[in-house]
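Single-letter residue listing:
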Amino acid sequence: MFKAVEKAAYGLKRDFGEVENLQVSMKGPGDFVSAADHRAEKRLREELERARPGYGFILEEGGEIKGSDPEHRWIIDPLDGTTNFLHGIPHFAISVALQKGDEIIAGIIYDVAKDEFFWAEKGVGAYLDNRRLRVSGRRRLNECVLACGVPHMGRGDHAAFEKQLHAVMDRCSGVRRFGAASLDLAYVAAGRYDGYWETHLNQWDIAAGLLLVSEAGGYIRDINGGTNMLGTGSIVAANDYIQPVLAKTLKKAASV
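Presented here is an overview of the structure given in this document. (Residues numbered from 1 in each chain as written. Predicted model: local features only at pLDDT ≥ 70, side-chain atom pairs only at ≥ 80, totals over all residues. Heavy atoms only, no water.)

1. Topic: the sheet that holds strand β5 (residues 103-111)
- Strand order across the open sheet formed by eight strands is β2-β1-β3-β4-β5-β6-β7-β8, with mixed pairing between neighbours. Two strands in the sheet have a free side with no partner beyond their single neighbour: β2 (63-65) and β8 (131-132).
- Both strand β7 (residues 125-128) and β8 contribute to a ladder of two bridges, which runs antiparallel. Within β8, the position partnered with Y127 by the bridge is R132.
- Sheet contacts for helix α5 (residues 181-189): β3 (72-80), β4 (93-100), β5 and β6 (116-121); angle to β5, the most-contacted strand, approximately 100 degrees.
- Along the sheet, helix α6 (residues 203-215) contacts β1 (56-59), β3, β4, β5, β6, β7 and β8; its crossing angle with β5, the most-contacted strand, is approximately 100 degrees. (Pairing = 2+ DSSP bridges. Helix = DSSP H or I, 4+ residues; strand = E, 2+ residues; numbered from the N terminus. Contact = heavy atoms within 4.5 Å. Axes fitted to C-alpha atoms, helices over the stretch in contact; angles between N-to-C directions.)

Following this line, the structure appears as structure tokens:
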């Protein structure tokens, strides 16, 4: 997994260096970024197929590809934070998770611009490079800095989100929105954020991050308290003190 991610990251780093030049052109960087996304996904798939030829894939760009091994599949986002990448903002990641049956058993989130490898293995723990990660230990919502995803044009329930944001802002120390769900979850695992919530997510956005938070001692549910975050596409993640309080605040706000 590390080898595959490193090879894909090499291309993204090179491509990101071209984005500033494209920003000032009449055409803009849109087509270029789409090509960068596809190139990274192709590299990841090639390397992982070579290592585990029977495993299937769920790919952001390429969809689902079934393997001869019905138990294992890779869940891949080759460029999470595409809008950041598009605008020359150095906050984007490669996310790769390995699923066995219904469980995520390994995951890597690589912050390409900052050269930070977040990784986790089921039962082994969560790590940033070689340092063990633990979620924040704060127990009071008014001391917490939280992350969220803000719905944009044509996506999500804007009215419901505004209610949720207002309710959370009244009770916490600060809210951040950096535009890459995988890194939001990695930051919760590292204790940089005390919690994170978002809806309308895809499997590849959160698969690796779910394991990272869990292995770092975090508590994760969907917005309605369920455990099928990959299926519902919603998530509320924090430690076991903050998560129930945050979830209750969000749910109450959305119902008003």
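So, next bit.
2. Overview of the pattern of salt bridges
- Tallied over the entire structure, the rule returns 13 salt bridges.
- One salt bridge in this structure joins E46 and K42, with 2.6 Å as the shortest N-O distance. Here E46 and its partner K42 are both found in helix α2 (residues 30-51), four residues apart, which amounts to about one turn of the helix.
- Take E46: its relative accessible area is 35%, and that puts it in the partly exposed class.
- Here E103 ties to K122 by a salt bridge, and the two come within 3.3 Å at their closest N and O atoms. A residue pair is termed long-range when its members are at least 10 positions apart, and E103 in strand β5 and K122 in the loop between β6 and β7 qualify at 19 residues.
- One network of salt bridges, with partners in common, ties together K7, E47 and R50. (Salt bridge = Lys/Arg side-chain N within 4 Å of Asp/Glu carboxyl O. Buried < 20%, exposed > 50% of the residue type's maximum accessible area, 1.4 Å probe, protein only.)

3. Re the packing of helix α4 (residues 158-169) against helix α8 (residues 242-255)
- Across the interface, α4 lies against α8 with an axial gap of 8 Å and an inter-helix angle of 135 degrees. In terms of axis orientation, α4 runs oblique to α8. Here the hand of the crossing between α4 and α8 comes out right-handed. In this structure, α4 contributes K163, Q164, A167 and V168 to the contact, and α8 contributes L246, T249, L250, A253 and A254.
- Residues that form the contact of α4 with α8 fall into these classes: six nonpolar, two polar and one charged. (Parallel < 35°, antiparallel > 145°, perpendicular 65-115°, else oblique. Left-handed = near helix turned anticlockwise from the far one by under 90°. Nonpolar A, V, L, I, M, F, W, Y, C, P; charged D, E, K, R; others polar.)

4. Some remarks on the packing of α5 against α6
- The N-to-C vectors of α5 and α6 enclose an angle of 0 degrees; their axes lie 8 Å apart at closest approach. Of the possible angle classes, the one that applies to α5 and α6 is roughly parallel. The segment α5 lies against α6, with A181, S182, L185, A186, V188 and A189 engaging D205, I206, G209, L210, L212 and V213.
- Of the residues contributing to the contact of α5 with α6, the split by class is nine nonpolar, two polar and one charged.

5. Focus on unusual backbone geometry
- The backbone phi angle of D129 is positive, close to 55 degrees, even though this residue is not glycine.
- Note that D129 resides in the loop between β7 and β8.
- Even without glycine at this site, H200 takes up a positive phi of about 60 degrees.
- Inspection of the secondary structure assignment puts H200 in the loop between β11 (195-198) and α6.
- Its relative accessible area of 44% is what places H200 among the partly exposed residues.

6. Looking at the nonpolar core
- Ranked by internal contacts, the top residues of the largest apolar core, which has 39 residues, are I109, F118, L133, Y196, L212, V213 and I235.
- Of all the elements in the fold, those that place two or more residues in this core are β4, β5, β6, β7, α5, α6, α7 (229-232) and β13 (235-238).
- The dominant element in this core, judged by the number of residues it contributes, is α6, at eight residues.
- In contact with I109, other than residues within four places in its own chain, are A93, I94, S95, E116, F117, F118, S182, L183, A186, A208, G209 and L212.
- One finds Y55, L59, L79 and F92 within the second-largest nonpolar core, a separate group that totals 29 residues. (Core = buried A, V, L, I, M, F, W, Y, C linked by side-chain atoms within 4.5 Å.)

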